[in-house]
Amino acid sequence: MSAIYLRVAAVIAVLIPATLVHAQSFDGAAKIEQVDASHWKLLAPLTYTDKGNVPWFAPKDYVTDGATIPRPLWPIIGSPFTGNYVRAAIIHDVYCDLKSRDWKLVHRTFYDAMIAGGVSPIQAKIMYYAVYRFGPKWVVDKTIRCPLGFICNQAGPPLQVTLQARPQLNVDDAKRAKTKIEQQNPDVSEIEQMADEELFSKDSQIQVSGTEKSANGDVRTLNQSFPGSALFRTLSND
């Protein structure tokens, strides 16, 4: 039996692409230095490979202040530049700056990268809630059928919207979520649902900047706060 097992294992090893061995892993340690009171610099390139075998790259000399995790929450959930968070935080900050990938994917990759980096599941979930609920959001050239902030009974002409959005910080929400996660250990989808219900409620406020462009070229500049309920369709993946 052992000989048969070894032959089967050898065949499987040949069939699995070598690159998959590196899925959900980093290519090394994060080498950073603090350049002033609030900024850190990456001294060597850093790559994270996600579970779909897609690389996420942070270049040498990238400088960040870690603000994608709101600083007032650091005493509650922890600093992104201590412990096992560092590599995941750097990758997360790079793609929040680039806005080249969907904001939900970027935040979820932060969670996966924390787990890959050795952060405990409970702590990773607390930090994931914080960035999903209060971290940056964006859309690039998304087509919408109702001007932002308006209620439309029927779809209007298409509009192309590009925006950045930042929810107003609510420390009480963060503390309640931290306690719930520690006590109940919800799964990731439940954390997303909890954060969505708070984020897109009529009581939440989200600061928006960007542009809304009509088919005939008219541009509306956006720089104001909207209730979360007015932004659900725009910031969702639908």
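So, how was this worked out
Residues numbered from 1 in each chain as written. Predicted model: local features only at pLDDT ≥ 70, side-chain atom pairs only at ≥ 80, totals over all residues. Heavy atoms only, no water. Helix = DSSP H or I, 4+ residues; strand = E, 2+ residues; numbered from the N terminus. Buried < 20%, exposed > 50% of the residue type's maximum accessible area, 1.4 Å probe, protein only. Contact = heavy atoms within 4.5 Å. Axes fitted to C-alpha atoms, helices over the stretch in contact; angles between N-to-C directions. Left-handed = near helix turned anticlockwise from the far one by under 90°. Nonpolar A, V, L, I, M, F, W, Y, C, P; charged D, E, K, R; others polar. Pairing = 2+ DSSP bridges. Core = buried A, V, L, I, M, F, W, Y, C linked by side-chain atoms within 4.5 Å. Expected span 1.5 Å × (residues − 1).

## A short note on the overall build of the protein
Line of reasoning, step 1. Along the protein, the regular secondary structure elements total eight helices and ten strands.
Line of reasoning, step 2. Within the protein, buried positions represent 40% of all 238 residues.
Line of reasoning, step 3. A sequence separation of at least 24 residues applies to 63% of the contacts in the protein between residues at least 6 apart.

## Some words on the packing of helix H5 (residues 121-134) against helix H7 (residues 188-199)
When two helices pack together, you describe them by how their axes are tilted relative to each other and by the distance separating the axes.
Line of reasoning, step 1. Axis separation between H5 and H7 bottoms out at 10 Å; the angle between their running directions is 35°. Relative to H7, the crossing made by H5 is right-handed. Note on element contacts: H7 touches H5 through Val188, Ile191, Glu192, Met194, Ala195, Asp196, Glu198 and Leu199, opposite Lys125, Tyr128, Tyr129, Tyr132 and Arg133.
Line of reasoning, step 2. Of the residues contributing to the contact of H5 with H7, the split by class is eight nonpolar, no polar and five charged.

## A closer look at the environment of Val94
Line of reasoning, step 1. When you line up the elements, Val94 lands in helix H3 (residues 86-98).
Line of reasoning, step 2. Apart from the residues within four sequence positions on either side, Val94 is in contact with Phe57, Ala58, Pro59 and Tyr62.

## Some remarks on the sheet that holds strand S6 (residues 63-64)
Line of reasoning, step 1. Read from one edge to the other, the open sheet built from three strands follows the order S2-S3-S6, with strand pairing classed as antiparallel. The open sheet has two edge strands, strand S2 (32-34) and S6, and neither has a second partner.
Line of reasoning, step 2. Summarising the sheet, S2 and strand S3 (residues 40-42) pair through three bridges and their orientation is antiparallel. Paired with Gln34 across the strands is Trp40, a residue of S3.

## Side note on the sheet that holds strand S1 (residues 25-26)
Line of reasoning, step 1. Spatial ordering of the open sheet is given by S1-S4-S5, a layout of three strands whose pairing is antiparallel. On the outer flanks of this sheet lie S1 and strand S5 (55-58), each paired with one strand and no other.
Line of reasoning, step 2. Summarising the sheet, S1 and strand S4 (residues 46-49) pair through two bridges and their orientation is antiparallel. Residue Ser25 lies in a different strand from S4, and its bridge partner there is Thr49.
Line of reasoning, step 3. Taken strand by strand, H3 contacts S1, S4 and S5, and its axis lies near 90° from that of S5.
Line of reasoning, step 4. Helix H4 (residues 103-116) contacts S1, S4 and S5 of the sheet and is inclined by roughly 95° relative to S4.

## Examining the pairing of S5
Line of reasoning, step 1. Side chains Trp56 and Ala58 project from S5 onto a buried face, and the interleaved Pro55 and Phe57 project onto a face without burial.
Line of reasoning, step 2. Pairing between S4 and S5: four bridges, direction antiparallel. Residue pairing for S5: Leu46 is matched across the bridge by Ala58.

## Regarding the nonpolar core
Line of reasoning, step 1. Counting residues in hydrophobic clusters, the biggest one holds 62 residues, and the most contacted among them are Val208 and Leu235.
Line of reasoning, step 2. Sorting elements by how many residues they give to this core places H5 first, with nine residues.
Line of reasoning, step 3. Excluding residues that lie within four positions of it along the chain, Val208 makes contacts with Leu148, Leu163, Gln164, Ala165, Leu222, Asn223, Gln224, Phe226 and Leu231.

## Side note on H5
Line of reasoning, step 1. The terminal C-alpha atoms of H5, which comprises 14 residues, lie 20 Å apart, in line with the 20 Å expected from a rise of 1.5 Å per residue.
Line of reasoning, step 2. Here H5 lies mainly inside the structure; twelve of its 14 residues are buried.
Line of reasoning, step 3. Along H5, the residues classified as buried are Gln123, Ala124, Lys125, Ile126, Met127, Tyr128, Tyr129, Ala130, Val131, Tyr132, Arg133 and Phe134.

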